[in-house]
Amino acid sequence: MPASPSPSPSPSSSPARPPVPAADLTKPDPRWQIRIRGLNKTFGPQHVLRGLDLDIERGKINIIIGGSGQGKSVLMKHLMGLLKPDSGNIYVDGLDIVPLADVEMAKLRRKFGMVFQYAALFDSQNVVENIAFPLIERYKLSRDEIMARVRELLKRLDLDHVDGIEQKFPAELSGGQRKRVGLARALIDRPEILLYDEPTTGLDPVATKNVDEMILRTSHDFGVTSVVISHDMASTFRIGDRVSMLYEGKILVTGPAQDVLRAPDAPVREFVEMAGLTVPPLGVSA
Amino acid sequence: MNEASSVPVPRGRLAVVGGVLALPIRGFFGYLGDHSMMLWKALLWLFRRPFRPRLFLEQMEFIGVGSLPIILLVGFFSGAVSAQQTVRALKLFGQERFVGATVGLSLALELAPVFTALMITARAGSGMATELGSMRITEQIDALSTFAVNPVQYLVTPRIVASVVMLPIMTMVFNAIGLIGAYIYAVIIAGVDVGSFIEHFRYLTDPSDYLQGAIKAAVFGGSLSLAACYQGYNVRGGAKEVGLATTRAVVAGSVSVLVLDFFVGDALGTFFPFQS
Ligand SMILES: Nc1ncnc2c1ncn2[C@@H]1O[C@H](COP(=O)(O)OP(=O)(O)OP(=O)(O)O)[C@@H](O)[C@H]1O
Ligand SMILES: [Mg+2]
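Residues numbered from 1 in each chain as written. Chains lettered and ligands numbered in written order. Predicted model: local features only at pLDDT ≥ 70, side-chain atom pairs only at ≥ 80, totals over all residues. Heavy atoms only, no water.

## Notes on helix α5 (residues 143-156) of chain A
Helical geometry: 3.6 residues make up each α-helical turn, so side chains three or four residues apart lie on a common side. All names here are of chain A. Just so we agree on the cut-off: The secondary structure listing takes helices from DSSP runs of H or I that are at least 4 residues long and strands from runs of E that are at least 2 residues long, numbered from the N terminus. In a helix, the anticipated span is given by 1.5 Å times the number of residues less one. Burial classification: accessible surface area is computed with a 1.4 Å probe over protein chains only, and a residue below 20% of its type maximum counts as buried, one above 50% as exposed, and the rest as partly exposed. Taken from the helix axis, the directions to the C-beta atoms give the arc we talk about. Two residues form a contact once any of their heavy atoms are found within 4.5 Å.
With 14 residues, α5 should reach 20 Å at 1.5 Å per residue; the first-to-last C-alpha distance of 20 Å fits that figure. For α5, every residue scored as buried is listed here: Ile 146, Met 147, Val 150, Leu 153 and Leu 154. Across the axial projection of α5, the buried residues extend over an arc of 130 degrees, all falling on one side. Seen from the buried face of α5, the exposed residues on the opposite side, beyond 90 degrees, are Asp 144 and Lys 155. For α5, the secondary structure elements touched by its buried residues are α4 (127-138) and α6 (175-187). Directly beyond the C-terminal end of α5, a positive phi value near 65 degrees is found at Asp 158.

## Thoughts on the coordination of the magnesium ion (ligand 2)
Residues and elements named next belong to chain A. Filter applied, for reference: With water excluded from the atoms, a metal site may look incomplete; its donors are any N, O or S atoms within 2.8 Å, or within 3.2 Å for Na, K and Ca.
Donor atoms from the polypeptide that coordinate the magnesium ion (ligand 2) comprise Ser 73 (OG) and Gln 117 (OE1), at 1.9 to 2.3 Å from the metal. With Ser 73 in helix α2 (residues 72-79) and Gln 117 in the loop between β6 (112-115) and α4, the pair connects residues that are 44 residues apart, well separated along the chain. Judged by its relative accessible area of 16%, Gln 117 falls in the buried class.

## Here we look at helix α8 (residues 207-233) of chain B
With 27 residues, α8(B) should cover 39 Å at 1.5 Å per step; its first-to-last C-alpha distance of 38 Å lies within 8% of that length. Where burial is concerned, most of α8(B) is hidden: 22 out of the 27 residues are buried.

## Considering the interface of chain B and chain A
Our working definition: Here the quantity called buried area is the total loss of accessible area, with a 1.4 Å probe, experienced by two parts when brought into contact, counted for both. Any Lys or Arg side-chain nitrogen found within 4 Å of a carboxyl oxygen on Asp or Glu counts as a salt bridge. Any pair of N or O atoms that falls within 3.5 Å is considered a polar contact. Within protein, one atom must be able to donate a hydrogen and the other to accept it, and sequence-neighbouring residues count only if both atoms are side-chain atoms. In this count, Pro and Cys sit with the nonpolar residues alongside Ala, Val, Leu, Ile, Met, Phe, Trp and Tyr, while Asp, Glu, Lys and Arg are called charged and the others, Gly among them, polar.
Contacts between the two partners involve 17 residues from chain B, matched on the other side by 19 residues from chain A. Approximately 1,600 Å² of surface area, both sides summed, lies buried where chain B meets chain A, with 56% of it carried by carbon and sulfur atoms. At the junction of chain B and chain A, the tally comes to three salt bridges. Here Asp142(B) ties to Lys77(A) by a salt bridge, and the two come within 3.9 Å at their closest N and O atoms. At the junction of chain B with chain A, the criterion picks out six residue pairs in polar contact (both at pLDDT 80 or more). Of all the secondary structure elements, the ones that give two or more residues to the side of chain B that touches chain A are α4 (99-137) and α5 (140-146) of chain B. Broken down by element, the residue count for the side of chain B that touches chain A peaks at six residues, all from α5(B). A class-by-class count of the residues in the side of chain B that touches chain A yields eight nonpolar, five polar and four charged.

## Brief notes about the sheet that holds strand β2 (residues 46-57) of chain A
Residues and elements named next belong to chain A. Put simply, the rule reads: Criterion used throughout: strands pair if DSSP finds at least two bridges between them. Only the contacting stretch of a helix is used when fitting its axis, a line to C-alpha atoms as for every element, and angles between N-to-C directions run 0 to 180 degrees.
Strand order in the open sheet formed by four strands is β2-β1-β4-β5, and the pairing between neighbours is antiparallel. One side of each edge strand has no neighbouring strand; the edge strands of this open sheet are β2 and β5 (95-96). In the sheet, strand β4 (residues 87-92) pairs with β5 via two bridges, with the strands oriented antiparallel. Paired with Val 92 across the two strands is Leu 95, which belongs to β5. The sheet strands contacting α2 are β1 (32-43), β2 and β4, and the helix crosses β1 at an angle near 120 degrees.

## A short note on the site of ligand 1
All names here are of chain A. Convention followed: For each residue, the test is whether any non-hydrogen atom lies within 4 Å of the molecule or strand; if one does, the residue is near. Here the open area of atoms and residues is found with the Shrake-Rupley method and a 1.4 Å probe, where only the protein chains shown may cover a residue.
In the vicinity of ligand 1, 14 residues are found, and the nearest of them are Gln 46, Ser 68, Gly 69, Lys 72 and Ser 73. Contacts to ligand 1 include Gln 70, whose backbone N or O atom sits 3.3 Å from an oxygen atom. Ser 73 is positioned such that a nitrogen or oxygen atom in its side chain is 2.7 Å from an oxygen atom of ligand 1. In isolation ligand 1 offers 640 Å² of accessible surface; the protein chains occlude 64% of this area. For the shell around ligand 1, the elements supplying multiple residues, two or more each, are β2 and α2.

## Points about the packing of α4(B) against α8(B)
All names here are of chain B. Keep this limit in mind: For classification purposes, angles smaller than 35 degrees are called roughly parallel, those larger than 145 roughly antiparallel, those between 65 and 115 roughly perpendicular, and all remaining angles oblique. Should the near helix be turned anticlockwise from the far one by less than a right angle, the crossing is left-handed, and should it be turned clockwise, the crossing is right-handed.
One can describe the packing of α4 onto α8 by two numbers: an axis separation of 8 Å at closest approach and a directional angle of 20 degrees. Considering the angle they form, α4 stands roughly parallel to α8. As for the relative orientation of α4 and α8, their crossing is right-handed in sense. Split by residue class, the contact of α4 with α8 holds 17 nonpolar, eight polar and four charged.

Spelled out as structure tokens, the structure:
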């Protein structure tokens, strides 16, 4: 569907960004792993994404903030091809994933891990089966190898001291435990790109901190590119390298966390202040 | 620009009326088309790797073992009730000894496959629609895709195949228990002679009658599970929509069983002309 072959119709829509010739987008870029251009998505009469442009930085924690119903989850689903846009392009390491057919998309999805907003654990499978699911589907590993990796993750996510957790079913877990099991399932195959849809919403402060640290450590230890949707401004500025605000179907501001915090735009100010965040937290890495 | 193109261009009154009348017909064929599409995909994925035998066995267990008590109960009473009615009718001619044959035949050709399919639609079909529907709204189906698992292959194919396999088996169970019910009523309660009950049954029913019943049952299994999977898989919205989808799955499944019963019965009639 994209009507642009090699010669470039220059994207004049985003004055904030230094213009990039379209031809460059089809080559892997050392800095930007995912580049989204002119993304449009409608659901019936509702125009959710309106020509959205966004770059995701490789190996960094990229946070997307924005009000409820602004289309953050929809945007994230486009990154994995779970939704197809009406128009626009999404380049992952230079490959436009929008026109990909199922089989190619399936291959590409191995690069990604996704933590769903409501965990999306498989009801009919217990905790171990849920976490091990990507390994069981993709490789022929022995039971012991699988269990070793599952237990390691349970430990890292503070789930190992919950009695009998391994044999529990999702319905028997608390919301926070479910989220962490979902996180474990996304992490177990060590993806290159991790998408987190509100990983800490609904967790208590201690669990929030643990998940934040988990995201930080995964990002730093494995050099994973993280895309995190968050409502939690405190953790946004604690762990975020880059922050982008989604507003009315477009990215209103994007940049290093500290810059965005101080951006003058009214929606950003409102969002930051409504979150009760008056003082920029210390120790934000530039 | 969307609105402009969707406003109908004024045409002759006849065309408008025709268009309105065509709507349900278009809807019906769209509906059939969507179902065929899902069936086709489910069949294609049956032959692609990876094969997951465990999923098929789980579904066979759900349909078979799970429905066994209700099939036994309904089967027993269907057999007993048809024996009751048949004995009453045949008594008018003093021919009660044919009760075994009559009940056996109607069980084999009609009662067992249809009742089994209706019971399994109510129990397993509704279960499938609810399960797939809640998997859809809680994004479990999306989650499957993120692990590069094809959701139709993972969810729909095993359910349809298991239904096609299990329905004939459960139908035979229904036949057996139905005959026991008929025997108990006819021989023990109504005092029909045991020897002639069995003799006429064996003489007048034929393996091909059971084969026809089994073929019908397999077709019903396909249609009821397809209806259930289609409704569940395509849920949009929340818990309420899952409930609606389940209701639609049971209605569509039952209707498809009764409608197909006519057509498959007709087709089988030409392949297996009435003998003996
Ligand atoms: N599959 C869908 N069909 C129809 N409309 C949808 C669908 N998915 C999302 N929407 C609509 O798109 C809009 C954006 O939804 P989205 O889930 O992306 O919001 P969000 O920014 O993630 O909000 P929240 O912070 O509450 O999770 C909503 O108005 C929603 O109703
Ligand atoms: Mg969301």
